[in-house]
Amino acid sequence: MTQSLGNSDLGPTGLRGVAADFSSDQRAFKTASWGKAMMWIFLLSDTFVFGCFLIAYMTARMSTPVAWPNPSEVFALHIGGQDVPLILIAIMTFVLISSSGTMAMAVNFGYRRERGRTAALMLATALLGATFVGMQAFEWTKLISEGVLPWENPWGAPQFGSTFFMITGFHGTHVTIGVIFLLIVARKVWRGDFDVARRGFFTSRKGQYESVEIMGLYWHFVDLVWVFIFAFFYLW
Amino acid sequence: MSETTSHMQTPTQAHSAQHPIRLYLLVWGLLFVLSAFSYMVDYLGVQGLARWLLIIVFMMLKAGLIVAVFMHMAWERLALVYAILLPPAAVLIFTALMISEANYTILTRLAFFNTAP
């Protein structure tokens, strides 16, 4: 077990614990395996990537004298004889949050070694993720047919299109990659790789159910980024 | 198998996600409600300072729930928490820099190009 450290070995807690952990030689993250720590550090770098996109969007929107298109109207759908503002985006938000919920439960069942339920919940997560990407493709198609391009749009500042395609495109790519990896890990869970510690195809390391949690970290991060995009791009 | 099960439930494993499913369902529900609230901000057409305030508050609550519970940050040691959650503060400083830069740009554009309608 990678997490065989007893509580007594962990030393002090609180700020004193932070200082002790970082100055302890060997491993600083006492309770996180290398895999989990590396995923967190990757997600931190990804935070900066998306942070830079959102800052670029803010700068473009603040510095243009041309009026910014009103997202509430741009992303409205015509349903039942009236325009419902942002309805597709709201549904996409609920779909992504639901996928986060099923992922969190998959991690939980993984640690309980119920591989049937774990794999099923991961498949549900992948399905919801694919649904999200599908709805995004619909949204892109609709906007492009209405004349939104990276350099122009019918309603105002031309930067609207470039920031929109850049930010949602990068996020959609993350979701797509997540769906692919979910399917790969779900297959491993289903086959029982983590019960018999079968060696993986790339690193030849023995798999553990922690892989499900690490996969979950990535997936929750994708949801987390969408929270910020939803707030800053669609609602602001 | 029974040996494994008992090992999984020892206190040393407390950080590795042995929480009741109820907790996840509760957070899931809260995220739904918060998302509905932030959608209502747009649907009801709240404007001005109240709009920004509500958007930011709901956003931060959602982000906090996802990171703390779904990503298990609440059960990690502080060394990891600080290593991951403090660096993004640099993004806030970058934001402040670019706000000042954007103000300067729009001022220059209005003063010299006069493209304002």
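Residues numbered from 1 in each chain as written. Chains lettered and ligands numbered in written order. Predicted model: local features only at pLDDT ≥ 70, side-chain atom pairs only at ≥ 80, totals over all residues.

### Considering the overall build of chain B
Counted only if it meets this: Note on conventions: DSSP H or I runs of at least 4 residues are helices, E runs of at least 2 residues are strands, and numbering of each starts at the N terminus. In this scheme the burial state of a residue depends on its C-beta neighbours within 10 Å: 20 or more other such atoms mean buried, 12 or fewer mean exposed, and anything in between means partly exposed; the C-beta positions come from the backbone.
Within chain B, the regular secondary structure consists of five helices and zero strands. In sequence order, chain B lays out its α and β elements as α-α-α-α-α. Looking at chain B residue by residue over its 117 residues, the buried ones come to 21%.

### Considering helix α4 (residues 87-111) of chain A
Think of an α-helix as 3.6 residues a turn; residues three or four steps apart then line up on the same face. All names here are of chain A. To keep it simple, the criterion reads: Take the residue count of a helix, subtract one, and multiply by 1.5 Å to get its expected span.
Here α4 spans 37 Å end to end across 25 residues, near enough to the 36 Å set by a 1.5 Å rise per residue. Among the 25 residues in α4, 18 count as buried, and that is most of the element. Looking one or two residues beyond α4, the residue adopting positive phi is Arg-113, at roughly 60°.

### With respect to the domain arrangement of chain A
Where we set the bar: Domain delimitation follows an automatic or database domain assignment.
One can read the domain layout of chain A as domain 1 (1-31) and domain 2 (32-235). Centre-to-centre, using C-alpha coordinates, domain 1 of chain A lies 33 Å away from domain 2 of chain A.

### Here's the deal with the interface of chain B and chain A
Note the cut-off: We call two residues in contact if the C-beta atoms placed from their backbones are at most 7 Å apart. Here the term charged refers only to Asp, Glu, Lys and Arg, the term nonpolar to Ala, Val, Leu, Ile, Met, Phe, Trp, Tyr, Cys and Pro, and the term polar to all other amino acids, Gly among them.
Across the contact, 50 residues belong to chain B and 50 residues belong to chain A. Secondary-structure elements contributing two or more residues to the side of chain B that touches chain A are α2 (21-43), α3 (48-70), α4 (78-85) and α5 (89-112) of chain B. Looking at the side of chain B that touches chain A residue by residue, the classes come out as 33 nonpolar, 11 polar and six charged.

### Overview of the environment of Asn153(A)
All names here are of chain A. You can see Asn-153 is positioned in the loop between α5 (115-145) and α6 (159-191). In this structure Asn-153 comes out as buried when scored by C-beta crowding, with 20 C-beta atoms within 10 Å. Along the primary structure Asn-153 and Leu-143 are separated by 10 residues, whereas in three dimensions their C-alpha atoms are 9.2 Å apart. Setting aside residues up to four positions removed in sequence, Asn-153 forms contacts with Pro-69, Gly-147, Val-148, Pro-158, Phe-160 and Gly-161.

### Concerning the nonpolar core
Nonpolar side chains tend to gather and get buried jointly when the protein is soluble and globular. Our working rule: Any nonpolar core is a set of buried residues, restricted to Ala, Val, Leu, Ile, Met, Phe, Trp, Tyr and Cys, that join up through C-beta atoms within 7 Å.
Counting 72 residues, the largest nonpolar core has Ala106(A), Met122(A), Leu182(A) and Phe230(A) as its most contacted members. Listed by contribution, the elements that provide at least two residues to this core are α2 (34-63), α4, α5, α6 and α7 (210-235) of chain A together with α2, α3 and α4 of chain B. Of the residues forming this core, the biggest block, 18 residues, is contributed by α7(A). Not counting the four nearest positions on each side in its chain, Leu182(A) is found in contact with Met122(A), Thr125(A), Ala126(A), Gly129(A), Met215(A) and Trp219(A).

### Regarding the packing of α2(A) against α6(A)
All names here are of chain A. This is how it is decided: Note on geometry: axes are lines fitted to C-alpha atoms, helical ones only across the stretch in contact, with angles between N-to-C directions running from 0 to 180 degrees. Between 65 and 115 degrees an angle is taken as roughly perpendicular, under 35 as roughly parallel, over 145 as roughly antiparallel, and anywhere else as oblique. Take the far helix as the reference: if the near one is turned anticlockwise from it by less than a right angle, the crossing is left-handed, and if turned clockwise, right-handed.
Packing of α2 against α6 brings their axes to within 10 Å, and their N-to-C directions diverge by 170°. With respect to α6, the element α2 is oriented roughly antiparallel. The hand of the α2/α6 crossing is left-handed. Contacts between α2 and α6 involve Phe-53, Ala-56, Tyr-57 and Ala-60 from the former and Gln-159, Thr-163, Met-166, Ile-167 and Phe-170 from the latter. Of the residues contributing to the contact of α2 with α6, the split by class is seven nonpolar, two polar and no charged.

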